[in-house]
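Working through the structure, step by step
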Number of protein chains: 2
Amino acid sequence: MPKIAIDAMGGDHAPAIVIDGALLAAQDLGVEIILVGQKNVVEQELNKHRGASKFDIIDASQIVPMHESPSVALRKKDSSIKVGFEMMKRGQVDAVVSAGNSGAMMALGMFVMGTLSQVARPAILVVVPSRGKGTVIVDAGANVDCKPHNLVQFAFMGAIYAERILDVAKPRVGVLSNGEEEGKGNELTRAVSERLSAASLNFIGYVEGRDIFNGKVDVVVCDGFTGNIALKTMEGVASFASEVLKEAFQKNLSSRMGYLFSRNSLAEAYRRLDYAEYGGAPLIGLDGVGIIAHGGSSPLAIKNAIRAARDAVNQDMNRHIADALSAADGLAGDKKEGLPRKLWQRFKSKIESLGEKDEASAETDRLRGSGE
Amino acid sequence: MPKIAIDAMGGDHAPAIVIDGALLAAQDLGVEIILVGQKNVVEQELNKHRGASKFDIIDASQIVPMHESPSVALRKKDSSIKVGFEMMKRGQVDAVVSAGNSGAMMALGMFVMGTLSQVARPAILVVVPSRGKGTVIVDAGANVDCKPHNLVQFAFMGAIYAERILDVAKPRVGVLSNGEEEGKGNELTRAVSERLSAASLNFIGYVEGRDIFNGKVDVVVCDGFTGNIALKTMEGVASFASEVLKEAFQKNLSSRMGYLFSRNSLAEAYRRLDYAEYGGAPLIGLDGVGIIAHGGSSPLAIKNAIRAARDAVNQDMNRHIADALSAADGLAGDKKEGLPRKLWQRFKSKIESLGEKDEASAETDRLRGSGE
């Protein structure tokens, strides 16, 4: 039974909603759950539920707030996120799930676990609702500036995820671009497209923003800047459209009655459109399983994120990724990169400006040394 | 009364829908309309309507299909788009409107009219529905690779458009990025943000994809690659969501009744969300007024595109843009650029591969000479 560490302190409504979600997961998913967080706070919350005895609690004295910068989070030695990853590093758990600060999850995940040796940069993988089984977007925001081989690796990782976790046979992989015709795209997408044409993937070429939803493609590859824009635009449209529809239903007696008659079907439709409910965005490429849930997750979304963690463990996802990328060596770039130099310099100057060249700083030095 | 040339042959349902839209516009907007296209086809269509006598028809023997490459369209000497722009060049009309091939509109607009002398590259400006009066996105797809001064010019042009055409006082200008915090963004957005901080604009910094809709910002600035991704993603979500809702309403007797009661209010909501109805995307920065309507435009959308053309003429938009950019000289880059070298090389090789070093090619040579 996979052992999964849950960051009890992460998310907009932690720890209550997180624990509700963990209880759902424990009931249905066949996983062993370990809650990580401030022990007294977590115990107090757990005591409200009868299922309390099911969970081990591991104490972590510090919290990473939602908008704390990753460089500050990296210096906290006893945060719930860091303690979770350290347990995974020691083999005490198989996966870490958090609805907390995603930048800190990424930074601490890389810091404690590192990446698979075949992967230059891990990415955030998100599954959004579509006409099919959902569409994988990778990178959804981790890497702003990418090289072609980064996107080639994202393509392989996304395809493995679609195949192994979403159960899509021969997933269709496309590069997100501003048009499908030849001659479209920018320098990055053209280079990636050329390499992917030679890869052992079901590569279908360029896809556009609208193809994310129409069932034409299973895995959409892009840099993290573009992926973030697409994802946030999606959220924005959905939220604006649902407000406008709500106003429409409140408009007059007839529309209010219409709402009463159709609300059950509509609620189901809304759930189908709510990508947060699809649960868990994996930090794909990490040497371990780390899953980010949306900060505003419902208990069901937390449960779905835990399901994503369980499936990644049970399907041995990382071994498949490592195998696929080893087989594609050369094509996907054969050298591991360190932290991008600029990011590193920013980390370093921030850490030093805090007046301590301490253990954390020494560790980042070590990290950098192993990278570049 | 502004004189507006309408490309009667452009759009998915031309000429019928275009002429319906032109008739609406002639009724309500106080404009003089000239239809450009294959005279016999246009006359035949016009004869179906009683308002036929209102319009002059200018014959243009060639059509630019929706997906023809701009370099091919550039070689057609008598296309409805080209003839429209040539009439504007000669001062016979004040604006050109087309629901046809947008790449060809851009290419022929630049070819025949050129840009304002203060503008390095024209952009496609789109207004999307939002909590406010609509949000301006510029560039929505014309320029894939941009330099910082391009985006600075887009910011000024977008602000003038919001102020003069949408009647927004002190429009808030933001740069589209992957997060609002400092340290987010890519090389381009950081450089642009720095310059705009020093500009005489109401610059509010970085905005995210979701802010396009929530009324936080009036003008969103980005390169054309990013803008296209945001816009197409928007279209994709909207179309997917409306399909899912449609299915929800058809689900059972209760939901079907609900639809009957609420359909009027819903239809109004859908219209509010349909950005195509917002009409016309100006080719902003052109030395003239060129408006692109969505290929699938309804007659109402065509009318709205004609309204955008009329307003740009009546408000003397280009003079305001020229003044603002002249005043901001240095900040927005003070040199005009030619066609980007790569684009030029692609044009040239395509034109030459057609086996004729002809007039069109000579003209592009001239165009290039004047640019670089």
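In what follows, the structure referred to is the one given above.
Residues numbered from 1 in each chain as written. Chains lettered and ligands numbered in written order. Predicted model: local features only at pLDDT ≥ 70, side-chain atom pairs only at ≥ 80, totals over all residues. Heavy atoms only, no water.

1. Quick look at the environment of Ile321(A)
Stated formally: Every helix listed is a DSSP run of H or I at least four residues long, and every strand listed is a run of E at least two residues long, numbered separately from the N terminus.
On the secondary structure map, Ile321(A) appears in helix α11 (residues 317–327). Linking Ile321(A) and Tyr161(A), residues 160 residues apart in sequence, is a C-alpha distance of 8.6 Å.

2. Considering the sheet that holds strand β3 (residues 56–59) of chain B
All names here are of chain B. Cut-off, in case you're wondering: Pairing between strands is defined by DSSP: at least two bridges between the two strands are required. Here an axis means a line fitted to C-alpha atoms, over the contact stretch when the element is a helix, while the angle between two N-to-C directions is reported on a 0 to 180 degree scale.
Reading across from one edge, β3-β2-β1-β4-β11-β10-β5-β6-β9-β7-β8 is the order of the 11 strands in this open sheet, with mixed pairing throughout. What marks the edges here is a single partner per strand, and that holds for β3 and β8 (202–207). On average, adjacent strands in this sheet sit at an angle of 25 degrees to one another, irrespective of strand direction. The pairing of strand β2 (residues 32–37) with β3 spans four bridges and is parallel. Following the sheet pairing, glycine 37 is matched in β3 by aspartate 59.

3. Things to note about the interface of chain B and chain A
Spelled out, the test is: Only heavy atoms matter for contacts: two residues are in contact if any of them lie within 4.5 Å across the pair. Once two parts are brought into contact, the accessible area they lose, counted with a 1.4 Å probe and summed over both, makes up the buried area. One side-chain nitrogen of Lys or Arg within 4 Å of one carboxyl oxygen of Asp or Glu is enough to make a salt bridge. Polar contact is the term for a pair of N or O atoms within 3.5 Å; when the atoms are in protein, one must be able to donate a hydrogen and the other to accept it, and sequence-neighboring residues count only if both atoms are side-chain atoms. Under the scheme applied here, ten amino acids are nonpolar (Ala, Val, Leu, Ile, Met, Phe, Trp, Tyr, Cys and Pro), four are charged (Asp, Glu, Lys and Arg), and all others, including Gly, are polar.
Contact with chain B, which involves 57 residues of that partner, is made by 57 residues of chain A. Between chain B and chain A the total buried area reaches about 5100 Å² when both faces are included, carbon and sulfur atoms providing 62% of it. On the chain B side of the contact with chain A, Phe225(B), Phe240(B) and Phe261(B) bury the most area, a combined 13% of that side's loss. At the surface where chain B touches chain A, the tally comes to 10 salt bridges. Its salt-bridge partner being Lys232(B), residue Glu208(A) comes within 2.3 Å of it at the nearest N-O pair. For the interface between chain B and chain A, the tally reads 16 residue pairs in polar contact (both at pLDDT 80 or more). If one sorts the elements of the side of chain B that touches chain A by residue count, helix α8 (residues 224–249) of chain B sits on top with 19 residues. Classifying every residue of the side of chain B that touches chain A by side-chain character gives 22 nonpolar, 19 polar and 16 charged.

4. Some points on the nonpolar core
Let me state the cut-off plainly: Buried Ala, Val, Leu, Ile, Met, Phe, Trp, Tyr and Cys residues form a nonpolar core when they are joined through side-chain atoms within 4.5 Å. Three labels apply to residues, based on accessible area from a 1.4 Å probe with only protein chains included: buried if under 20% of the type maximum, exposed if over 50%, partly exposed otherwise in between.
In this structure, Phe85(A) and Phe85(B) are the most contacted members of the largest nonpolar core, which totals 104 residues. Once residues within four sequence positions are removed from consideration, Phe85(B) is found in contact with Val96(B), Met105(B), Leu108(B), Gly109(B), Val112(B), Met113(B), Leu283(B), Leu286(B) and Gly290(B).

5. Some points on the packing of helix α4 (residues 80–89) of chain B against helix α5 (residues 102–113) of chain B
How two helices sit against one another is set out by the angle between their axes and by the gap between those axes. Residues and elements named next belong to chain B. For the record, the criterion: What makes a crossing left-handed is the near helix being turned counterclockwise from the far one by less than a right angle; a clockwise turn instead makes it right-handed.
Two numbers describe how α4 lies on α5: the axes approach to 9 Å, and their chain directions differ by 35 degrees. Pair α4 / α5 crosses with right-handed handedness. Residues Ile81, Lys82, Phe85, Glu86, Met88 and Lys89 of α4 pack against Ala104, Met105, Leu108, Gly109, Val112 and Met113 of α5. Of the residues assigned to the contact of α4 with α5, the class counts are eight nonpolar, one polar and three charged.

6. Things to note about unusual backbone geometry
Residue Asp139(A) is bonded to the preceding Val138(A) through a cis peptide linkage, with omega at 15 degrees. Among the secondary structure elements, Asp139(A) is positioned in the loop between β6 (135–138) and α6 (148–164). Across the junction of Ala14(B) and Pro15(B), the peptide omega takes the value -5 degrees, indicating a cis bond. Mapped onto the elements, Pro15(B) comes out in the loop between β1 (3–7) and α1 (16–28). We note that Lys170(A) has phi near 40 degrees; this positive angle belongs to a residue other than glycine.

Fair warning: the whole summary comes from geometry, so function is off the table for now.
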